[in-house]
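Coordinate analysis (summary)
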Amino acid sequence: MIEAFVEGLVLVLQWKAFAFMLLGIGLGFWVGLLPGLGGATTLALMLPFIYTMQPVEAFAFLLGMHAVVATTGDITSVLFGVPGEATSAATILDGYAMTKKGEAGRALGAALASSLVGALVGAFALALAIPVVRPLVLTFGSPELFMLAIVGLAFIASLSAQGGRGMLRGFLAGGLGLFVATVGQDPQAGIARFTLDTLYLWQGLDLVPVLVGIFAIPEIVDLAVRGSSIAGDRPQGRLGRGALEGVKDTFRHFGLTIRCSLIGTFIGIMPGLGGSVAQWIAYGHATQSAKNAQELEGFGAGDVRGVLGPGAANNSKEGGSLIPTVAFGVPGSTSMAILLGGFFLMGLVPGPDMLTTHLVVTFSMVWTIVIANVITVGVCFLFLNRLAALSAVRGQLLIPVILVLVFIGSYTANNHYGDLIVTLVFGAIGYLMVGAGWPRAPFVLGLVLGKIAENYLYISVARYGAAWLARPVVLVLIGVALVVIVYPLVQARRARTRKGAHA
Amino acid sequence: MPSKASLALALGIMVLAGWGVFSTFSWPWKAALFPLVIGIPLFCMAAAEVLWVLFGSTARSEAMDFQLSTDLPARVVLRRTLLAMAWIAGFFAAIVLLGFPVAVPLLVFLYLKVPGGERWGLSLVFTVAVWAIFYGLFDRLLHLPFPDGLIVTWTGFG
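This structure is a prediction, so every number in the text was calculated from the model and none was measured.

1. What about helix α11 (residues 254-269) of chain A?
With 16 residues, α11(A) extends 23 Å from end C-alpha to end C-alpha; this agrees with the ideal 22 Å at 1.5 Å per step. Inspection of α11(A) places A:Leu256, A:Thr257, A:Cys260, A:Ser261, A:Gly264, A:Thr265, A:Ile267 and A:Gly268 among the buried residues, and these make up the whole buried set.

2. Here we look at the interface of chain A and chain B
At the interface, 71 residues of chain A touch 71 residues of chain B. Carbon and sulfur atoms make up 77% of the surface buried where chain A meets chain B, a total of about 6600 Å² over both sides. The largest contributions to the chain A side of the interface with chain B come from A:Arg165, A:Phe179 and A:Tyr417, which together make up 11% of the buried area. Seen at the junction of chain A and chain B, the total is one salt bridge. Of the charged contacts in the structure, one is a salt bridge between A:Arg169 and B:Glu49, with a shortest N-O distance of 3.1 Å. In this structure, the connection of chain A to chain B is made through five residue pairs in polar contact (both at pLDDT 80 or more). Of all the elements in the fold, those that place two or more residues in the side of chain A that touches chain B are α7 (142-159), α8 (163-180), β2 (192-193), α9 (207-226), α19 (395-414), α20 (417-436) and α21 (441-464) of chain A. Taken together, the residues of the side of chain A that touches chain B sort by class into 47 nonpolar, 14 polar and 10 charged.

3. Section: a nonpolar patch on the surface
Residue and element names in this part refer to chain B. Nonpolar side chains collect at one region of the surface, where Leu97, Leu150, Ile151 and Trp154 lie side by side and expose about 380 Å² of accessible area between them. Among the elements that take part in the nonpolar patch, helix α6 (residues 150-155) stands out by supplying three residues, more than any other. Mapped onto the fold, Leu150 is located in helix α6.

4. Looking at helix α10 (residues 243-252) of chain A
All names here are of chain A. Of the positions making up α10, those classed as buried are Ala243, Gly246, Asp249 and Thr250. Along the axis of α10, the buried residues cluster in a sector spanning 105 degrees; they form a single face. Away from its buried face, by an angle of more than 90 degrees, α10 presents the exposed residues Leu244 and Phe251.

Scoring rules and cut-offs
- Residues numbered from 1 in each chain as written.
- Chains lettered and ligands numbered in written order.
- Predicted model: local features only at pLDDT ≥ 70, side-chain atom pairs only at ≥ 80, totals over all residues.
- Heavy atoms only, no water.
- Helix = DSSP H or I, 4+ residues; strand = E, 2+ residues; numbered from the N terminus.
- Expected span 1.5 Å × (residues − 1).
- Buried < 20%, exposed > 50% of the residue type's maximum accessible area, 1.4 Å probe, protein only.
- Contact = heavy atoms within 4.5 Å.
- Buried area = accessible area lost by both parts, 1.4 Å probe.
- Salt bridge = Lys/Arg side-chain N within 4 Å of Asp/Glu carboxyl O.
- Polar contact = N/O pair within 3.5 Å; in protein donor to acceptor, adjacent residues only side chain to side chain.
- Nonpolar A, V, L, I, M, F, W, Y, C, P; charged D, E, K, R; others polar.
- Patch = residues over 30% accessible without salt bridge, like charges linked within 9 Å, V, L, I, M, F, W, Y side chains within 5 Å.
- Areas by Shrake-Rupley, 256 points an atom, 1.4 Å probe, with all protein chains shown as cover.
- Arc of directions from axis to C-beta.

Right, dumping it as structure tokens:
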């Protein structure tokens, strides 16, 4: 285990993997800063470029990019009150308030330092979790792994939208993803399913054109609709010399930073919750650290603790969400669902193999998160003042570049014009989903898990008949899935009853 | 928009799932098992969503996902959305007809000039820069095979 841990570091530091990681960090740096482009979208856009890479290089590139998005996303939140990422929205409350008070440097220092602490805690949790979950994962057979896929889908479907209606839409999206995954020649009987008599669809729908379409197209359309400069028309100013003070704040409130990092890690582990939730729960916890009513009123008006909490949590959740992704193939967030696509493109199957045969690759992910964040925070501190200017990139300049990337990215999947049509079709579906308030994460999860879930189901039925449903772990997992579905409904009903009683 | 979009999605899924389940009747069980396990509940859930949209509350359920901008008048949003979609479709058509090497600089330049209203100098420099990156990275470095456009194929020029 220790050998694999060290070997993981050595592999990440090899020149090719390290160069790809630096490239990923550079991309993630920009993506985090620019409010018009999401981390998940960029991850989807970059998937086609990993085909020729080795697994360690591919994950150094993808994770290096993804690990820093939340860190630089905080910068736009603090400077302009515009979240660079959905996961850095909570930082606005006190970070932007501090900027308006002339404490932008201090807020940025606190956001960056707490992000680094959070990322280290998340990576540490991932490394620590590997020996703990390994024996558990190795006892799982096909029935258990199929049920895990269903539990993952239940988690992400029930938690990615609000209320019973949201849950129904989550399941519809997940079901659609699973259904779309059945397109192509079936692996057991060789029947061509839903291929519309076209040769292109015989191999099934490639993940890349689908993901690129469903994520990038809606964001491009929205960027064009807004028609303004990407960070709006907010003025830029000097950041002052308060950054060091912000770093000191992180250590003055070190207990809070660590607790919020742990909250982020824990929420990251829970499939379906993701960084958007982590930051708000961490913010809520930070407000609880107020000793009296006067201190509490300071939150939202520029209390540095309101920056430290979300800053730490939205970075620590990355390590946390990698735990179920790597160990069980159940992604903790939309980005992780896309990253799961990267596993399959690399020929890796999450689960036991990642904790035995490919353990070194798993540890290389831990190191990538650590190194990427250390580099990013260092660079941010060096160029703090110049960073402000980056958010003023006009949408008109960005849109054609992203469109070029979208079409080239999807075309390279199979070098076929059919890929472009798939991108356009799923772009339209993605736009409708966003417009209708349907979550896209369950769709991605369904699509990614579809093929392996079908395989596990087929083996379970062929090997055990209906008896696979009576296996103890399967029963437990069915129970978990039911709790995951029923609990939010009960909670919503209770809230409505309480509201009715107060009215 | 939310109700109409939701209705369109749910109806589309209903048709898709219904067709999927119907198709499985002629397949061996090995091939039909998973589409059936997915298709039947998917059809039922989509039907429930359709009924909910038509007869239930109109309350919007917020997904924990990217949200479209809502701070502009609906007519402006509709016009710009259609325009953006037309540009995307136009780029696709240009790729198919002219091929990537021509379509990429053409789209970038036209987008900068027409909806972007950028100056000639910036538009030209930016277009050349994007084309240079495209050509250098994808053609020279990665050797990706970009086919000629249909017009080039039909006319024999290229």
